[in-house]
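Each chain, written out:
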Amino acid sequence: MKEIILIAIQAILVENFVLSKFLGICPFLGVSKKSSTALGMGGAVIFVMVLSSAATWAVNEYLLKRFDLVYMQTIAFILVIAALVQFVETVLKKLLPVLYKALGIYLPLITTNCAVLGSALLNMEREYTFLEAVVFGFSAAVGFSLALILFSGVRERMETNDIPVAFQGLPITLIAAALVSVAFIGFTGLFGI
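Here's what I pulled together on the structure shown here. (Residues numbered from 1 in each chain as written. Predicted model: local features only at pLDDT ≥ 70, side-chain atom pairs only at ≥ 80, totals over all residues. Heavy atoms only, no water.)

## Some thoughts on the overall build of the protein
Working step 1: Within the protein, the secondary structure is distributed over eight helices and zero strands.
Working step 2: Counting from the amino terminus, helix and strand elements in the protein follow one another as α-α-α-α-α-α-α-α.
Working step 3: Taking 2.2 N^0.38 as the reference for a compact globule, 193 residues should give roughly 16 Å; the C-alpha atoms of the protein span a radius of gyration of 17 Å, in line with that estimate.
Working step 4: Taken along the three principal axes of its C-alpha coordinates, the protein extends 60 × 45 × 30 Å.
Working step 5: A buried classification covers 44% of the 193 residues belonging to the protein.
Working step 6: Excluding contacts between residues fewer than 6 apart, the proportion of contacts in the protein whose partners are at least 24 apart in sequence is 78%. (Helix = DSSP H or I, 4+ residues; strand = E, 2+ residues; numbered from the N terminus. Rg over C-alpha atoms; globule rule 2.2 N^0.38 Å. Buried < 20%, exposed > 50% of the residue type's maximum accessible area, 1.4 Å probe, protein only. Contact = heavy atoms within 4.5 Å.)

Next up, the structure:
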């Protein structure tokens, strides 16, 4: 149980996919303008990462390893992730059309979100058990969502501030992202890394 808790804390805070590993930057910058869309994208990413962690673990264990096709991991994992994203997209379109429209192009881009693929590949590299893989996928997605929601709050606050013309838009966004990232580096002390 202690190992599971350590995996979760490390994935959320210490190895945060966006702020430490710099994976998933495209949706991080694109969807973090408003907290509502950041929350919706966070939920979609959590759903996809948990299911993809479970599915890719099973595909790797029962298909790729069994038939000596481990070299096909990346292709197989992308296919699994694409199918899951298509499912999420269909569900959101039916049940939450407003969120579906707000997420726009970033929803299908979850398929190419390197954080989702990175989670699946790290599960295999670290040789996690099924439970550990699912916990890591869930925790990494929670960390991604946490970064997205925190940064959306920062960006909403920046809209009310007087920012010099030279820094408006992308420059101040990147500076703010760097500062949030630096704040997360403080969590590395939790594990003595």
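## With respect to the packing of helix 1 (residues 2-14) against helix 7 (residues 130-158)
Working step 1: Where helix 1 meets helix 7, the axes come as close as 7 Å, and the angle between the chain directions of the two elements is 30°. Taken together, the axes of helix 1 and helix 7 lie roughly parallel to each other. As for how helix 1 packs across helix 7, the hand of that crossing is right-handed. For the pair helix 1 and helix 7, the contacting residues are Glu-3, Ile-4, Ile-7, Ala-8, Ala-11, Ile-12 and Leu-13 in the first and Leu-131, Glu-132, Val-135, Phe-136, Ser-139, Ala-140, Val-142, Gly-143 and Leu-146 in the second.
Working step 2: Its residues placed into classes, the contact of helix 1 with helix 7 shows 12 nonpolar, two polar and two charged. (Axes fitted to C-alpha atoms, helices over the stretch in contact; angles between N-to-C directions. Parallel < 35°, antiparallel > 145°, perpendicular 65-115°, else oblique. Left-handed = near helix turned anticlockwise from the far one by under 90°. Nonpolar A, V, L, I, M, F, W, Y, C, P; charged D, E, K, R; others polar.)

## Focus: the environment of Thr-129
Working step 1: Tracing the backbone through its elements, the reader meets Thr-129 in the loop between helix 6 (114-125) and helix 7.
Working step 2: What makes Thr-129 partly exposed here is its relative accessible area of 44%.

## A closer look at a nonpolar patch on the surface
Working step 1: Taken together, Phe-47, Leu-51, Phe-87, Val-91, Leu-95 and Leu-96 make up a surface patch of nonpolar side chains, about 530 Å² in accessible area.
Working step 2: Summarising the element assignment, Leu-96 is placed in the loop between helix 4 (73-95) and helix 5 (97-103).
Working step 3: A relative accessible area of 44% means that Leu-96 is categorised as partly exposed. (Patch = residues over 30% accessible without salt bridge, like charges linked within 9 Å, V, L, I, M, F, W, Y side chains within 5 Å. Areas by Shrake-Rupley, 256 points an atom, 1.4 Å probe, with all protein chains shown as cover. Salt bridge = Lys/Arg side-chain N within 4 Å of Asp/Glu carboxyl O.)

## Remarks on the side chain of Thr-173
Working step 1: Looking at where Thr-173 falls in the secondary structure, it is placed in helix 8 (residues 170-185).
Working step 2: Owing to a relative accessible area of 7%, Thr-173 belongs among the buried residues under this scheme.
Working step 3: Non-local contacts of Thr-173, meaning those with residues more than four positions away in its chain, are made with Leu-29, Phe-151, Arg-155 and Met-158.

## Some points on the packing of helix 4 against helix 6
Working step 1: As a packed pair, helix 4 and helix 6 sit with axes 10 Å apart at the nearest point and diverge in direction by 130°. Between helix 4 and helix 6, the angle falls in the class oblique. Between helix 4 and helix 6 the crossing geometry is right-handed. In this structure, helix 4 contributes Gln-73, Thr-74, Phe-77, Ile-78 and Ile-81 to the contact, and helix 6 contributes Val-116, Leu-117, Ala-120, Leu-121 and Met-124.
Working step 2: Looking at side-chain class alone, the contact of helix 4 with helix 6 contains eight nonpolar, two polar and no charged residues.

## Re the side chain of Ser-152
Working step 1: Structurally, the position occupied by Ser-152 is in helix 7.
Working step 2: The exposure class of Ser-152 is buried, given its relative accessible area of 0%.
Working step 3: A distance of 2.7 Å separates a polar atom in the side chain of Ser-152 from the backbone oxygen of Ile-149.
Working step 4: Residues in contact with Ser-152, not counting those within four places in the same chain, are Ser-32, Lys-33, Lys-34, Ser-35 and Ala-38. (Polar contact = N/O pair within 3.5 Å; in protein donor to acceptor, adjacent residues only side chain to side chain.)

## Quick notes on the nonpolar core
Working step 1: Ranked by size, the top nonpolar core spans 55 residues in total, and within it Phe-28 and Ile-110 carry the most contacts.
Working step 2: Looking at this core element by element, the count peaks at 10 residues for helix 7.
Working step 3: In contact with Ile-110, other than residues within four places in its own chain, are Met-41, Ala-44, Val-45, Val-48, Ile-81, Val-85 and Val-116. (Core = buried A, V, L, I, M, F, W, Y, C linked by side-chain atoms within 4.5 Å.)

## Some details on the environment of Ala-177
Working step 1: Here Ala-177 lies in helix 8.
Working step 2: On a C-alpha basis, the gap between Ala-177 and Val-18 in space is 9.7 Å, while along the polypeptide they are 159 residues apart.

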